[in-house]
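# Coordinates in review
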Amino acid sequence: MSRVLNERIESIEKIAKSIYRMTVKSEYISANARPGQFANVKCSEGINALLRRPISICDVDKDRGTFDIVFQIKGIGTEYLSQKRVGSEVDLIGPLGSPFHISEEYKRIAVVGGGIGIFPLLYLLKEMKEADKSAFLGFRSSDYVVMTEEFESASDRLSISTDDGSMGYKGIITDLLAEDIADRGFDIIYTCGPMPMIRKVKDMAQKAGIKCQVSLEQRMGCGIGACLVCACKTGKPDNWEYSHVCKDGPVFWSDEVVLDD
Amino acid sequence: MTEKNIDLSVDIAGLKLENPVIGASGTFGFGREFADYMDLNRIGGISVKGLTLEKRQGNKPPRIAETPAGILNSVGLQNPGVKAFIENEIPFLRKFSTKIIANIAGNTIEDYCSMAEQLSDADIDAIELNVSCPNVKKGCVAFGNSTAGISEITGKVKKYCKKPLIVKLTPNVTDVKEIAVAAEDAGADAISLINTILGMAIDIHRKRPILANNVGGLSGPAVKPIAVRMVYEVASVVKIPVIGMGGISSGEDAVEFMLAGASAVMVGTANFINPTACVDVVEGIKNYLKMYNHSSVYEIIGKLQLN
Ligand SMILES: Cc1cc2nc3c(=O)[nH]c(=O)nc-3n(C[C@H](O)[C@H](O)[C@H](O)COP(=O)(O)OP(=O)(O)OC[C@H]3O[C@@H](n4cnc5c(N)ncnc54)[C@H](O)[C@@H]3O)c2cc1C
Ligand SMILES: Cc1cc2nc3c(=O)[nH]c(=O)nc-3n(C[C@H](O)[C@H](O)[C@H](O)COP(=O)(O)O)c2cc1C
Ligand code: FES
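Residues numbered from 1 in each chain as written. Chains lettered and ligands numbered in written order. Predicted model: local features only at pLDDT ≥ 70, side-chain atom pairs only at ≥ 80, totals over all residues. Heavy atoms only, no water.

Per an unreviewed UniProt entry, chain B is named Dihydroorotate dehydrogenase, and its organism is Acetivibrio mesophilus. Quoted straight from UniProt, the Sequence similarities (unreviewed entry) entry for chain B says "Belongs to the dihydroorotate dehydrogenase family. Type 1 subfamily." In UniProt, chain B has this text filed under Function (unreviewed entry): "Catalyzes the conversion of dihydroorotate to orotate with NAD(+) as electron acceptor." (UniProt positions renumbered as here; feature names shortened; annotations may be inferred.)

Looking at an unreviewed UniProt entry, chain A carries the name Dihydroorotate dehydrogenase B (NAD(+)), electron transfer subunit, with the source organism given as Acetivibrio mesophilus. Looking at the Pathway (unreviewed entry) heading of the UniProt record, one finds this comment for chain A: "Pyrimidine metabolism; UMP biosynthesis via de novo pathway; orotate from (S)-dihydroorotate (NAD(+) route): step 1/1." Quoted straight from UniProt, the Sequence similarities (unreviewed entry) entry for chain A says "Belongs to the PyrK family."

Next comes the structure, spelled out in structure tokens:
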């Protein structure tokens, strides 16, 4: 169950160009959030940037009763959020949405993230304690590369790519995934990031016969399944219906979503 | 000083509400979405997501764009259809004292009549005729933007409708007063307004509208002054009760509408930002009445004095 909460900001730090990490004290979220879920965060006071912004739960410290979100400034809402001060409160609803499917049957896993899509994958890696974990992270350029040490220690091997080659492999991250699918094989692949990347990972997993979960993005109104604005297609390409990212997702099995628009 | 009892109940053409606050259609789901956050018994009523005769998928996403102090939406009436609503949603809603208002929309007058007939036999409390949805290509708003259209559809649906019939008006007309009078003359038991205002928002980097549907309906605080003016205009020309909405997020907002002549209010977009918005509005109205020593909401309805 999700709740409307006013929680105290313990720290806020700029970790790369336009990217911020915020630690929030919340017994409720830290006790209840599952990897893949998000919080719907009020970024402003008053009627500017009226709607809440969905931000993934990136990390949870159950002992300290805190959780972390990491966000990139895109527009007015994330800009406001970046200006919040330590000790002030943030108004959020959470945890929301369906989490990633975690099972002890998954012995060898891969996570594939692009840009802001990497953030929910950290908490996922940390929660899958027993599996052999490969992480593949794609960024635009070295300016946007963040949290590599944490991903490194939460996984067994980490591969990085940048579009311009300023760090790691030059090109798209799915090239590196392709090699490892052939060499290593995985029981499941989890992915979150830009749509072209998600489509590609879905195709690759399907061809290799590997289970795959995707985390989708859509513009939201309420975040709680009431307004029906966050539509995405589920079913088969010739027989689909609109489901809703905030409630039925954001995490879906790759073979249950139709990613054609 | 002992606190005197404040009577918040209102009677909208036989629809008896414990308090004058209703969750607006399309923003309150089927109620259950909000049950985790608030006690549904604490609001007067719920107008459910707009229903159509058959299930509808709605429009392509993106279906929402944020604009200054408001939002544009183009959901396009995604809903499970009237039969599924009767079977799957009414039993849940009936566990609460809140009144159930079925909001209906259709492509043809026959659709509306058929839904009104089915819902008249169902366990609901009122029907809200949505002839003002800007987000579907056929029907709906076409019935609501002329006096002849509204008169025909209201008259025909009324024949099949055994519950109080609320006709919901669009603000996208030149003179809302004549539309309201036409609805009243054709048999409407109450009027609700406003539905969303047709609008557009453009992503200048992509040189395309943000909404896949290109245009959508504006709601939220941005529309409130327009809505208050329209409620005032309508309340001054009809005798039937008026339900006001458009940008309400606090008790003070609701009181504006009530002074302008609304017997009850609906809260829409505010529910997205604050899932307890409806309850907060009830409390806000109560506080206002207390502050001015009123004992009933009827002491403020239509009590606006013009300058
Ligand atoms: C489930 C989910 C999880 C997310 N997790 C993260 C995260 O961990 N870190 C992060 O940096 N970003 C994340 N995002 C994207 C983030 O929500 C947007 O970047 C943010 O809403 C932009 O708001 P803005 O006011 O800065 O931009 P503006 O462009 O000013 O926003 C205008 C409106 O569009 C919406 N919007 C714009 N871009 C997006 C988008 N990509 N997805 C959904 N709505 C959008 C906004 O919410 C707002 O309503 C996530 C999105 C979703 C759907
Ligand atoms: C996402 C969304 C969906 C809506 N769907 C419906 C609907 O199905 N039927 C209807 O009569 N009005 C619908 N409306 C209009 C609202 O009921 C209300 O008239 C309007 O939003 C103005 O009130 P507000 O500013 O408080 O939101 C919808 C509004 C929004 C924002
Ligand atoms: S955002 Fe309202 S239903 Fe998903």
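Following the structure, the description resumes.
## Considering the domain arrangement of chain A
All names here are of chain A. Taken domain by domain, chain A comprises domain 1 (3-94), domain 2 (108-217) and domain 3 (218-261). Across the domain 2 to domain 3 interface the summed buried area is about 1200 Å²; carbon plus sulfur atoms make up 59%. For domain 2, the biggest contributors to the area lost against domain 3 are Lys202, Gln213 and Leu216; these three give 44% of the whole. Applying the counting rule to domain 2 against domain 3 returns 6 residue pairs in polar contact (both at pLDDT 80 or more). Residue assignment for the side of domain 2 that touches domain 3 shows that the elements contributing at least two residues are α6 (195-208) and β13 (211-215). Each residue belonging to the side of domain 2 that touches domain 3 can be placed in one class, and the counts come to 6 nonpolar, 2 polar and 4 charged. (Domains from an automatic or database assignment. Buried area = accessible area lost by both parts, 1.4 Å probe. Polar contact = N/O pair within 3.5 Å; in protein donor to acceptor, adjacent residues only side chain to side chain. Helix = DSSP H or I, 4+ residues; strand = E, 2+ residues; numbered from the N terminus. Nonpolar A, V, L, I, M, F, W, Y, C, P; charged D, E, K, R; others polar.)

## Description of the layout of surface pockets
Of the pockets and cavities examined, the second largest pocket occupies roughly 540 Å³. Lining the second largest pocket we find 23 residues, and of these A:Leu228, A:His244, B:Phe30, B:Gln78 and B:Pro80 sit closest to its centre. Elements supplying a minimum of two residues to the lining of the second largest pocket: β15 (239-244) of chain A together with α1 (82-93) of chain B. Sorting elements by how many residues they give to the lining of the second largest pocket places β15(A) first, with 4 residues. Residue classes in the lining of the second largest pocket are distributed as 6 nonpolar, 8 polar and 9 charged. (1 Å grid on protein atoms, 1.4 Å probe; cavity = no way out; pocket = protein on both sides within 12 Å on 5 of 7 lines; lining within 4 Å. Points joined across faces, edges and corners; volume = space filled by probe spheres on them.)

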